[in-house]
Amino acid sequence: MSIILNIDTATENGSVCLSYNDKILGCIKSIDQKEHAAFVNLAVETLLSDAKITLNELRAVAVTAGPGSYTGLRVSMACAKGFCYALSIPLIAISTLKVMAFAALSQSNKMMCCPMIDARRMEVFTALYNQDLEELVPSGPVILDDTFLKEFIKENKINFVGSGISKYRVIQNHPNCIFLDLITDATHLAKMSTNSYNNRQFEDITYAEPNYLKSFYIK
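Residues numbered from 1 in each chain as written. Predicted model: local features only at pLDDT ≥ 70, side-chain atom pairs only at ≥ 80, totals over all residues. Heavy atoms only, no water.

(A) Looking closely at the packing of helix H3 (residues 96-107) against helix H6 (residues 186-198). Where H3 meets H6, the axes come as close as 9 Å, and the angle between the chain directions of the two elements is 100°. When the axis of H3 is compared with that of H6, the two are roughly perpendicular. Facing Lys-98, Val-99, Phe-102 and Ala-103 of H3, the residues of H6 in contact are His-188, Leu-189, Lys-191 and Met-192. Looking at the contact of H3 with H6 residue by residue, the class counts come to five nonpolar, one polar and two charged. (Axes fitted to C-alpha atoms, helices over the stretch in contact; angles between N-to-C directions. Helix = DSSP H or I, 4+ residues; strand = E, 2+ residues; numbered from the N terminus. Parallel < 35°, antiparallel > 145°, perpendicular 65-115°, else oblique. Contact = heavy atoms within 4.5 Å. Nonpolar A, V, L, I, M, F, W, Y, C, P; charged D, E, K, R; others polar.)

(B) Highlighting the sheet that holds strand S4 (residues 60-64). Pairing is mixed across the open sheet formed by five strands, whose spatial order is S3-S2-S1-S4-S5. Of all strands in the sheet, those bounded by a partner on one side alone are strand S3 (23-30) and strand S5 (91-94). In this sheet, neighbouring strand axes are inclined to one another by 15° on average, regardless of whether the strands run parallel or antiparallel. Two strands pair when backbone bridges link them, and strand S2 (residues 14-20) and S3 are joined in this way by seven bridges, in the antiparallel orientation. Among the inter-strand pairings, Ser-19 is bridged to a residue of S3, identified as Ile-24. On the sheet, helix H1 (residues 36-51) packs against strand S1 (3-8), S2 and S3 and is oriented at approximately 25° with respect to S2. (Pairing = 2+ DSSP bridges.)

(C) Spotlight on the packing of H1 against helix H2 (residues 70-87). In the contact formed by H1 and H2, the axes pass within 9 Å of each other and the chain directions differ by 35°. Considering how the two elements wind past one another, H1 and H2 form a crossing that is right-handed. Residue-level inspection shows His-36, Ala-37, Val-40, Asn-41 and Val-44 of H1 in contact with H2, the latter providing Val-75, Cys-79 and Phe-83. The class makeup of the residues in the contact of H1 with H2 is six nonpolar, two polar and no charged. (Left-handed = near helix turned anticlockwise from the far one by under 90°.)

Any link to function would need more than the numbers given here.
Have a look at this one:
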């Protein structure tokens, strides 16, 4: 039995999901990015109560590990590590971009997928995945222009998804580019975390930290 708590506050759309194997027991969402810190613990309490499950029945906690909002990533990682320490259960961390690609491929698994998270101005956090969720272009920050993924786009249909695609739509109108208005949430993370749990793909709780993909500066 693998009851997993899944937390995703990497973007403006926060969500917490409780799953049993690959079945979703419940999911609570928040669209107020400034309130993610207060939202998570209340959502966890509500989900456990509704499912009549105690904290001690959790077998792991999963988070979207980044990239994304600096504050949001710290919120989810801190909450997850707190539960894992207190309950002596493993931590699962999965790339936010990979979760987004998984969600898109669930709709159309015959295409490559390029998730994009807005990083202000013309910059996005992005990567390119094939149908097996293998990285063809490594994840990282990219300043968009009309040459981005040019060679891939010539020969392949590619799904683009995420908050950064509005920028790319303006400069790229190739017919092989398909822009999906899809909002991912913790239910997509849950589908992936079950597989990670079964394969014992766990993080070192002491050293686990968000993958910001670039340095954070405060003026």
